[in-house]
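As a plain string of letters, each chain reads:
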Amino acid sequence: MLVIDKEQINADKRQLPLHPDLEVFATQVSFVKPLCKFVASTNCHKQLYVDGTWVTKFNRLHVYQNGDKIGEVFVEEQSKRGAPGRETVYGVKSFRIEKQRGTRDETFTRDMKVALRTAKKMFVARGDDELRTLIDNTIAHEISSVAIYKKRALHDYVDEEVELNLYMLNAFKARKENRAMITVPTNLVTVKNIAEHDRQCEEYLHIKALLDMYKSKQGYGVKIMNDNSLAVLDYTTLSIVRYPSFDKLPDNIQTKFAMFKVLNKGEPYAHLGCKFKDDILYIAGGA
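Read on for a plain summary of the structure. (Residues numbered from 1 in each chain as written. Predicted model: local features only at pLDDT ≥ 70, side-chain atom pairs only at ≥ 80, totals over all residues. Heavy atoms only, no water.)

This next bit is on the sheet that holds strand 5 (residues 60–65). Read across the open sheet, the six strands follow the order 1-2-5-6-7-8; overall the sheet is mixed. What marks the edges here is a single partner per strand, and that holds for strand 1 (4–5) and strand 8 (106–109). Pairing between strand 1 and strand 2 (residues 37–39): two bridges, direction parallel. If you follow I4 over to strand 2, its bridge partner there is F38. (Pairing = 2+ DSSP bridges. Helix = DSSP H or I, 4+ residues; strand = E, 2+ residues; numbered from the N terminus.)

So this is what it looks like as structure tokens:
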């Protein structure tokens, strides 16, 4: 019997029927991949036109192994080639699929046996090297993106041309008076909301400190798995360790990790770290 985890969707959607062709297909996948877990989420159901009426059914399931998402199985209905009516096509989505045309990481076919062979080949859990690459690539991209965004935000409250002209004129006056240094005001003249500007400056300094820490190979990358286990990348050694639960984390990581429950994505703190997409976090090094 096919078991589907529906905890991620609203209670009123959990009783929606499963597309019968998807049930057959997913059941066959579960036979050849018995360690896989099937999960339904909010994007797994759609309206389908059946026998003259529109009905909502689950047509897609996420596939996990060891708490790590390794792909999706799905069905779609399309017009028959050269004949009236519609037919089912079977789809497989996986990070291991690479195509030049169409959706890059998914493939589909009218033959369920062909789709089943694709799922059997592609649904393989990530090894440590692949998990290390996933965590590091996500953190490298996200931490740089947040740093760029926060840096740009500094300029939202400042008229840079006015401020630069004032600086140049003050520098000119100092040279005429044979002074080596000039004094500039701490409050920029074009900033109208100094409290908000100070907040933006503070956030930029936090993300810059984390970016510098990451570049110097310090801190930890953490991926929260679907089963609440955790994969931790130690940047000082580039080793990756899997922990079955939060309470098994080392104390120096556990204390900081606990704070992320009240932090938003993209909210940096130099002494804690920052949370990013796909349940991946960068945790600051040190005590």
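The next subject is the packing of helix 1 (residues 20–32) against helix 2 (residues 112–122). Where helix 1 meets helix 2, the closest approach of the two axes is 10 Å, and the angle between their N-to-C directions is 40°. Here helix 1 lies oblique to helix 2, going by the angle between them. Note on packing geometry: the crossing formed by helix 1 with helix 2 is right-handed. Of helix 2, the residues touching helix 1 (which contributes V24, F25, Q28, V29 and V32) are M112, A115, L116, A119 and K120. Across the contact of helix 1 with helix 2, the residue classes break down as eight nonpolar, one polar and one charged. (Axes fitted to C-alpha atoms, helices over the stretch in contact; angles between N-to-C directions. Parallel < 35°, antiparallel > 145°, perpendicular 65-115°, else oblique. Left-handed = near helix turned anticlockwise from the far one by under 90°. Contact = heavy atoms within 4.5 Å. Nonpolar A, V, L, I, M, F, W, Y, C, P; charged D, E, K, R; others polar.)

The next point concerns the pattern of salt bridges. Within the structure shown, the criterion is met by 18 salt bridges. R110 is the salt-bridge partner of E87, the closest N and O atoms lying 3.9 Å from each other. You can see E87 sitting in strand 7 (residues 86–93) and its partner R110 sitting in the loop between strand 8 and helix 2, a full 23 residues away along the chain. Given the relative accessible area of 18%, E87 is considered buried. The class of R110 is partly exposed, set by a relative accessible area of 43%. In this structure, the salt-bridge partner of R96 is E130, at a minimum N-O distance of 2.7 Å. With R96 in the loop between strand 7 and strand 8 and E130 in helix 3 (residues 128–154), this pair connects stretches of sequence that are 34 residues apart. Taking the relative accessible area as the measure of exposure, R96 reaches 25% and is therefore partly exposed. A relative accessible area of 32% means that E130 is categorised as partly exposed. It is possible to trace a salt-bridge network through shared partners that takes in K150, E196, R199 and E203. (Salt bridge = Lys/Arg side-chain N within 4 Å of Asp/Glu carboxyl O. Buried < 20%, exposed > 50% of the residue type's maximum accessible area, 1.4 Å probe, protein only.)

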